[in-house]
Amino acid sequence: MRRVLIALAVAVLGTLPAAAQFTMAEMYAAGVITNSLGETMPVRLWRHYEKKDLPVPVVILLHGSGECGRDNAKQLSNFGAMHNVLLIDEELPPALWAIPQCTAASPWVRTIAFKPDYRQPRYPASALRTVKEWVDGLVKDGIADPKRIYITGLSLGGFGTWDAIQRWPNTFAAAVPVCGGGSIQEEAIKNAATTALWIFHGSADGNVPVDCSRRMVSALMRAGAKPKYTEFQGAGHPIWSRVYADSAMWHWMFRQRLGKPERESEPSFLGNLLKYVTPD
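Cut-offs and rules
- Counting starts from 1 at the beginning of each chain's written sequence and moves along it residue by residue.
- In keeping with the model being predicted, local features are shown solely for residues with a pLDDT of at least 70 and side-chain atom pairs are shown and tallied solely at 80 or more, while totals for entire chains, interfaces and linings include all residues.
- Calculation of side-chain values draws on the structure's entire complement of heavy atoms; hydrogens and water are dropped beforehand.
- Strands are runs of DSSP state E lasting at least 2 residues, helices are runs of H or I lasting at least 4, and numbering of each runs from the N terminus.
- Accessible area is worked out with a 1.4 Å probe on protein chains only. A residue is then buried under 20% of its type maximum, exposed over 50%, and partly exposed in between.
- Residue contacts follow a heavy-atom distance rule, with two residues in contact if any of their heavy atoms lie within 4.5 Å.
- Residues belong to a common nonpolar core when they are buried Ala, Val, Leu, Ile, Met, Phe, Trp, Tyr or Cys residues joined through side-chain atoms within 4.5 Å.
- By definition, pLDDT measures how confident the predictor is in each residue, and it falls between 0 and 100.
- Each polar contact in these results corresponds to two N or O atoms within 3.5 Å; when the atoms are within protein, one needs to be able to donate a hydrogen and the other to accept it, and residues that are neighboring in sequence are counted only if both atoms are side-chain atoms.
- Salt bridges, as used here, are contacts in which a Lys or Arg side-chain nitrogen is within 4 Å of a carboxyl oxygen on Asp or Glu.

**Observations concerning the overall build of the protein chain**
Next, step 1: Each helix and strand in the protein chain was counted, giving nine helices and eight strands.
Next, step 2: The 280 residues of the protein chain split such that 56% are buried.
Next, step 3: Residue pairs at least 24 apart in sequence account for 73% of intrachain contacts in the protein chain once pairs closer than 6 positions are excluded.

**Quick look at helix α3 (residues 80–88)**
Next, step 1: Residues of α3 that are buried include every one of Ala 81, Met 82, His 83, Val 85, Leu 86 and Leu 87, and no others.
Next, step 2: For α3, the secondary structure elements touched by its buried residues are α2 (24–27), β2 (40–48), β3 (56–62), β4 (95–100), α8 (240–244) and α9 (247–255).

**Overview of the nonpolar core**
Next, step 1: With 49 residues, the main nonpolar core has Ile 60, Leu 96, Trp 108 and Trp 134 as its most contacted residues.
Next, step 2: The leading source of residues in this core is helix α4 (residues 126–140), at six residues.
Next, step 3: Dropping the residues within four chain positions of it, Ile 60 is found in contact with Ala 98, Val 131, Trp 134, Val 135, Tyr 150, Ile 151 and Thr 152.
Next, step 4: Met 27, Leu 87, Trp 240 and Leu 258 belong to the second largest nonpolar core, which has 39 residues in total.

**What about unusual backbone geometry?**
Next, step 1: With omega at -5°, the peptide bond leading from Leu 54 into Pro 55 counts as cis.
Next, step 2: On the secondary structure map, Pro 55 appears in the loop between β2 and β3.
Next, step 3: Of note in the backbone geometry, Asn 170 takes a positive phi value of approximately 55° without being a glycine.
Next, step 4: The phi torsion at Cys 179 lies on the positive side, around 45°, for a residue other than glycine.
Next, step 5: Looking at where Cys 179 falls in the secondary structure, it is placed in the loop between β6 (174–178) and α6 (186–192).
Next, step 6: For Cys 179, a relative accessible area of 0% puts it in the buried group.

**With respect to the confidence of the model for the protein chain**
Next, step 1: When pLDDT is averaged across the protein chain, the result is 89; 85% of the residues are at 70 or more.
Next, step 2: Confidence drops under pLDDT 50 across residues 1–19; counting only partners more than four residues distant or on other chains, this segment forms 37 contacts.
Next, step 3: Overall, residues 265–280 carries pLDDT values under 50, and its contacts beyond four positions in sequence, including any with other chains, amount to 35 contacts.

**As for the side chain of Thr 230**
Next, step 1: Position of Thr 230 among the secondary structure elements: in strand β8 (residues 228–232).
Next, step 2: What makes Thr 230 buried here is its relative accessible area of 14%.
Next, step 3: Polar contacts involving the side chain of Thr 230 include one to the side chain of Trp 198, which spans 2.9 Å.

**Description of the pattern of salt bridges**
Next, step 1: Counted according to the given criterion, the structure contains eight salt bridges.
Next, step 2: We note a salt bridge from Glu 39 to Arg 129, for which the minimum N-O separation is 2.9 Å. One end of the pair, Glu 39, is in the loop between β1 (29–34) and β2; the other, Arg 129, is in helix α4, and 90 residues separate them in sequence.
Next, step 3: Exposure remark for Glu 39: the relative accessible area of 33% places this residue in the partly exposed category.
Next, step 4: In this structure, Lys 132 and Asp 136 form a salt bridge, with 2.9 Å as the shortest nitrogen-oxygen distance. Taken together, the residues Lys 132 and Asp 136, both in helix α4 and four residues apart, mark about one turn of the helix.
Next, step 5: For Lys 132, a relative accessible area of 14% puts it in the buried group.

**Focus: the environment of Val 139**
Next, step 1: Topologically, Val 139 is positioned in helix α4.
Next, step 2: When its relative accessible area of 30% is taken as the criterion, Val 139 is described as partly exposed.
Next, step 3: Each C-alpha atom of the pair Val 139 and Ile 149 lies 9.4 Å from the other, and the pair is ten residues apart in sequence.
Next, step 4: Not counting residues up to four positions away in its chain, the partners in contact with Val 139 are Ala 144, Pro 146 and Ile 149.

Put into structure tokens, the structure is as follows:
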């Protein structure tokens, strides 16, 4: 039944022309995904590919806390900058873009990784598990390329992005967590290092302390990883429009392949990073 639901969700999509007159609500078809427990989640999907392109990259976009709900609409609100890039950048490859929606009562993560001593819960949050099972189904059905699964998220979705790559290593080719954070425990960092990372944060973020990203970068560096890190000096919490409006970021993401990351590091200030980071 799960695979039937996946097929139905994808089947409702048409390949719409990327013209400026189409809004996100028009281009991203409304669907529902279901996990192995029968729990459902709203999702908006854009099938930007033809059948001949299969299997294709899949991009998972996790919204923030302000977009929680079940209306299958609010989660689109902070991805407008991305939408504009997709409309004009014809060099981006065919892909399946997915924007699921969690609820405030069942968010992407069980607990928020604000403190250095944060430890990842043993089991994933139901919402994140639902997304992972759905992606696994797309791979089994030959829709998703298992070497090109990508994930990004903002704020609450940034924490969800970290949780996903630390919980399921060797799954995501690239991740772009925006103003989020995760666990700096050894095993969790080792898991995250299997994914190519470009991390973003504002230095004056009043909602999610910038140390949440700084300590992740520091821990990854000490583990031998080479994440990309961009810190917007003087910027507050809502930096996602700046991140998602940058076509270079999307091109970097699509260049990544699972197991063959592009080992390029362009952080803002890695040379001085350790003095900003809370010690383990």
